[in-house]
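# Coordinates in review
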Amino acid sequence: MERIEAQAPEHRDLARQVLLWITCAKRRLTSSELQHAIAIEVNNDELDRENITDIELLVSVCTGLVIVDEESDIVRLVHYTTQEYFGRTWERWFPNAHTDITEKCATYLSFKVFKTGFSRTKGDFEKRLQSNVLYDYAARNWGYHARISSTEGGEVGFGSS
């Protein structure tokens, strides 16, 4: 963490976001899910594809703490001892983690692309999932994060969009 804190502010902030999601997500995320999670701007009504950061950079700014499993494409901490460390100290490093994740999930689920309602065919649904890779995670887990965020002392707030 000292190496991360010593980086330029934009790299330090990016690394903290990556570690927040890896440490506090309800389940492990694929590289594309993590890329979408990091790219979300709260209160925007669509994902700006230019905000999607290369997975290599997301891993690099974490200074050896994060790897992408080549077989499963899952982004994870490099070693179980690292997981244990963040399991004990996440509140110190990411005091509003679940509030932040809740806001990002709710923002993602509020994107214009989902205002058309449910997918009428299985093919349409599959296309929606492929182009909106964080949808499944956000839809299934926003409530989990919202419930925990109430104990963080954070407030989940959304703009008027």
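As a reminder, the structure under discussion sits directly above these lines.
Overview of the structure. The residue count restarts for each chain, going from 1 along the sequence in the order it is written. Only residues with pLDDT of at least 70 get local features here, since the model is predicted, and only at 80 or more are side-chain atom pairs given and counted; chain-wide, interface and lining totals rely on the full set of residues. With hydrogens and water set aside, each side-chain value is computed from the structure's full complement of heavy atoms.

## Considering the packing of aromatic side chains
- Centres within 6.5 Å are what make two rings of Phe, Tyr or Trp a pair, Trp counting through its six-membered ring; a difference in plane orientation under 30 degrees is then read as stacked, over 60 as edge-to-face, and the rest as tilted. Applying the stated criterion across every chain, the model contains 6 aromatic pairs.
- With centroids separated by 5.0 Å and ring planes inclined at 50°, the aromatic side chains of Tyr-108 and Phe-111 adopt a geometry described as tilted.
- Take Tyr-108: its relative accessible area is 0%, and that puts it in the buried class.
- Each residue gets one of three labels from its accessible area relative to the maximum for its type: buried under 20%, exposed over 50%, partly exposed in between, using a 1.4 Å probe on protein chains only. Take Phe-111: its relative accessible area is 2%, and that puts it in the buried class.
- In this structure an aromatic cluster arises from ring pairing among Tyr-108, Phe-111, Phe-114 and Tyr-135.
- If you follow Lys-26 out to its NZ or CZ, it ends over the ring of Tyr-144, 4.7 Å from the centre. Throughout this description, the term charge over a ring refers to an Arg CZ or Lys NZ atom that lies within 6 Å of the ring centre and within 35 degrees of the ring normal.

## Things to note about the packing of helix H2 (residues 9–24) against helix H6 (residues 97–109)
- For every element, the axis is a line fit to its C-alpha atoms; helices are fit only across the contacting stretch, and the angle between N-to-C directions ranges from 0 to 180 degrees. Put simply, DSSP H or I for four residues or longer makes a helix, DSSP E for two residues or longer makes a strand, and each gets a number counted from the N terminus. For the pair H2 and H6, interaxial distance at closest approach is 10 Å and the crossing angle is 95°. What the angle tells us is that H2 and H6 run roughly perpendicular. On the side of H2, the interface is formed by Gln-17, Leu-20, Trp-21 and Cys-24, while H6 contributes Ala-97, His-98, Asp-100, Ile-101, Lys-104 and Cys-105.
- Note that Gly is not counted as nonpolar here; it falls among the polar residues with everything else outside the nonpolar set of Ala, Val, Leu, Ile, Met, Phe, Trp, Tyr, Cys and Pro and the charged set of Asp, Glu, Lys and Arg. Residues of the contact of H2 with H6, tallied by class, amount to 6 nonpolar, 2 polar and 2 charged. For classification purposes, angles smaller than 35 degrees are called roughly parallel, those larger than 145 roughly antiparallel, those between 65 and 115 roughly perpendicular, and all remaining angles oblique. Throughout, a residue-residue contact means that at least one pair of heavy atoms, one from each residue, lies within 4.5 Å.

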